[in-house]
Amino acid sequence: MIYEPENLKNKRAIYEKRDKWLIRLAFLFWAVLLFIYVNIVIPYVKSTIGFLGIIVGGIAVITIVYFFIMFFILMRRGRQFRKMNNDIVKEYQETKNGELFLEKLLAMDMKPKDMKDEMTWYLNIATAFNVLGKRNECIALFKQLEEVATEKDKEYIQNSIKFVQEQSEKDDTH
């Protein structure tokens with residue numbers, strides 16, 4: 001992956017635009033699926049009760065199954081990236097080798113599929129900077145992440161900045 005935190009705002013906009021299109025496409029496909037179903041079963045409907053049972057019941061079942069499948073697919077789309085990222089983090093926790101941690105993070109060939117995964121990757125890089133004693137780079141990256149973070153993540157990032165600054169002050173006094 002390419003390390004370019006200065007492009008995070010653009011990436012966020014790209015991810016949001018892509019997510020909107022994915023949702024539109026999913027709803028369009030759902031509508032087409034329902035249209036095809038209704039046109040296939042309409043000749044078999046002979047009464048009001050049949051209409052309610054076949055059409056409305058069928059639409060309800062198709063809708064539930066379809067949205068469950070779409071939810072499952074959308075939740076798994078970034079799985080490979082997260083698995084690779086988590087393996088690198090686990091390896092770091094076992095070895096405590098910050099240089100190797102940063103090297104492996106920067107050498108990842110998988111790209112994140114959403115902004116949450118992108119933020120996680122950059123937060124791991126900031127952690128590696130901190131472990132290696134590169135406090136200024138760490139704080140600079142945290143500040144760039146803070147600009148694109150959600151409210152919940154901003155608080156976490158602000159606390160991380162305070163923590164790194166306190167560590168830096170302790171290092172300066174010793």
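Please refer to the structure higher up on the page.
The numbers attached to residues start from 1 for each chain and follow its sequence in the written order. Under the rules for a predicted model, residues below a pLDDT of 70 receive no local features and side-chain atom pairs below 80 are neither given nor counted, while totals for whole chains, interfaces and linings still include all residues. Excluding hydrogens and water, the side-chain figures rest on all heavy atoms present in the structure.

Draft legend 1. The nonpolar core, seen in detail. Counting 29 residues, the largest nonpolar core has Ile125, Phe142, Leu145 and Ile157 as the members making the most contacts within it. Secondary structure counts use DSSP, requiring at least four H or I residues in a row for a helix and at least two E residues in a row for a strand, with both numbered from the N terminus. The set of elements that each furnish at least two residues to this core consists of α1 (8–41), α3 (79–95), α4 (98–106), α5 (115–131), α6 (135–148) and α7 (151–173). Examining the composition of this core, we find that nine residues originate from one element, α5, more than from any other. Residue contacts for Ile157: discarding those within four places in its chain leaves Met119, Leu123, Phe142, Leu145, Glu146 and Ala149. Grouped together as the second largest cluster of nonpolar side chains are six residues, Leu34, Val41, Ile55 and Ile62 included. For our purposes a nonpolar core is just a set of buried Ala, Val, Leu, Ile, Met, Phe, Trp, Tyr and Cys residues, chained together by side-chain atoms within 4.5 Å. Accessible area is worked out with a 1.4 Å probe on protein chains only. A residue is then buried under 20% of its type maximum, exposed over 50%, and partly exposed in between. Contacts are assigned to residue pairs that have any heavy atoms within 4.5 Å of one another.

Draft legend 2. A nonpolar patch on the surface, seen in detail. Surface patches are defined over residues having more than 30% relative accessible area and no salt bridge, joining like charges when they lie within 9 Å and nonpolar side chains (Val, Leu, Ile, Met, Phe, Trp, Tyr) when within 5 Å. Surface accessibility in these figures is a Shrake-Rupley result with a 1.4 Å probe; residues are shielded only by whichever protein chains are displayed. The salt bridge criterion pairs a side-chain nitrogen of Lys or Arg with a carboxyl oxygen of Asp or Glu, the two atoms within 4 Å. Taken together, the side chains of Leu25, Leu28, Val32, Phe35, Ile36 and Ile40 make up a nonpolar region of the molecular surface, amounting to roughly 600 Å² of accessible area. By secondary structure assignment, the location of Ile36 is in helix α1. Take Ile36: its relative accessible area is 43%, and that puts it in the partly exposed class.

Draft legend 3. The arrangement of the environment of Gln158 in detail. Structurally, the position occupied by Gln158 is in helix α7. Note on Gln158: relative accessible area 36%, which makes it partly exposed. Through-space distance from the C-alpha of Gln158 to that of Phe142 is 7.9 Å; in sequence the pair is 16 residues apart. For Gln158, the side chain forms a polar contact with the side chain of Glu146, separated by 2.8 Å. As used in this structure description, the phrase polar contact means that two N or O atoms lie within 3.5 Å; if the pair is within protein, one of them must be able to donate a hydrogen and the other to accept it, and residues adjacent in sequence are counted only when both atoms belong to side chains.

Draft legend 4. Examining the environment of Met75 more closely. Along the chain, Met75 turns up in helix α2 (residues 48–76). A sequence separation of 68 residues divides Met75 from Asn7, and the C-alpha atoms of the two residues are 25 Å apart.

Draft legend 5. Broad picture of the packing of α6 against α7. Relative to each other, α6 and α7 sit at 165°, their axes nearing to 10 Å. When the axes of α6 and α7 are compared, the pair comes out roughly antiparallel. Relative to α7, the crossing made by α6 is left-handed. Taken together, the residues of α7 that come into contact with α6 (itself represented by Arg135, Cys138, Ile139, Phe142, Lys143, Leu145 and Glu146) are Lys154, Ile157, Gln158, Ser160, Ile161, Val164, Gln165, Gln167, Ser168 and Asp171. For every element, the axis is a line fit to its C-alpha atoms; helices are fit only across the contacting stretch, and the angle between N-to-C directions ranges from 0 to 180 degrees. Put simply, angles under 35 degrees are roughly parallel, angles over 145 are roughly antiparallel, angles from 65 to 115 are roughly perpendicular, and the rest are oblique. Crossings are assigned a handedness: left-handed for a near helix turned anticlockwise from the far helix by less than a right angle, right-handed for a clockwise turn.

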